Amino acid sequence: MPTYEIIGVRHAEYDRKSDHRHINAYDIHMTYDDRNVDGLAVLSAFISTDYLNGYTPKVGDVVRVFYNRWGRVESLAPVA
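Owing to the predicted nature of the structure, the values given are computational and were not obtained by experimental measurement.

Chemist: Teacher, can you tell me more about the sheet that holds strand β5 (residues 73–78) here?
Modeler: Strand pairing in a sheet relies on backbone hydrogen bonds. The paired strands run either parallel or antiparallel. If you walk across this open sheet you meet the five strands as β3-β2-β1-β4-β5, and the pairing is antiparallel. Of all strands in the sheet, those with a lone pairing partner are β3 (41–48) and β5, marking the two edges. Taken over all neighbouring pairs, the strand axes of this sheet differ in orientation by 30° on average, direction set aside. Alignment of strand β2 (residues 22–32) against β3, held across eight bridges, turns out to be antiparallel. Its bridge partner being in β3, I28 is matched across the sheet by A45.

Dropping the structure here:
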């Protein structure tokens, strides 16, 4: 399972207009090695804090990325 290094984090907090639910999330930018890419490949994901299990992403952290059945990033877990 590949690992990803976080290179950028933007915190987002807002009230969703459709249902007025308060959203607390992170826009996370990561790099990883891919055999089909010269250099590093990149991945960006928008993840609600509800799916981070108390983890606060920080630049320099190495994480594993988990996807849901529709192929969207569902959660992150730091590599020990």
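Chemist: What's the story with the nonpolar core in this structure? I'm lost.
Modeler: Most often, soluble globular proteins have nonpolar side chains that are buried together. Judged by nonpolar contacts, the single largest core of 16 residues is most densely connected at Y4, I28, M30, I47, V63, V65 and L76. When contributions to this core are tallied by element, the ones reaching two or more residues are β1 (4–15), β2, β3, β4 (62–67) and β5. Contacts of V63, omitting those with residues within four sequence positions, involve P2, T3, Y4, I6, M30, Y55, L76, A77, P78 and V79.

Chemist: Honestly, the packing of aromatic side chains in this entry has me stumped. Any pointers?
Modeler: The relative placement of two aromatic rings is captured by the distance of their centres and the angle of their planes. Per the stated rule, a full pass over the model turns up one aromatic pair. Their ring planes at 55° and their centres at 4.8 Å tell us that Y4 and Y32 sit as a pair that is tilted. One end of the pair, Y4, is in strand β1; the other, Y32, is in strand β2, with 28 residues separating them in the sequence.

Scoring rules and cut-offs
- Residues numbered from 1 in each chain as written.
- Predicted model: local features only at pLDDT ≥ 70, side-chain atom pairs only at ≥ 80, totals over all residues.
- Heavy atoms only, no water.
- Pairing = 2+ DSSP bridges.
- Helix = DSSP H or I, 4+ residues; strand = E, 2+ residues; numbered from the N terminus.
- Axes fitted to C-alpha atoms, helices over the stretch in contact; angles between N-to-C directions.
- Core = buried A, V, L, I, M, F, W, Y, C linked by side-chain atoms within 4.5 Å.
- Buried < 20%, exposed > 50% of the residue type's maximum accessible area, 1.4 Å probe, protein only.
- Contact = heavy atoms within 4.5 Å.
- Phe/Tyr/Trp six-rings, centres within 6.5 Å; stacked < 30°, edge-to-face > 60°.

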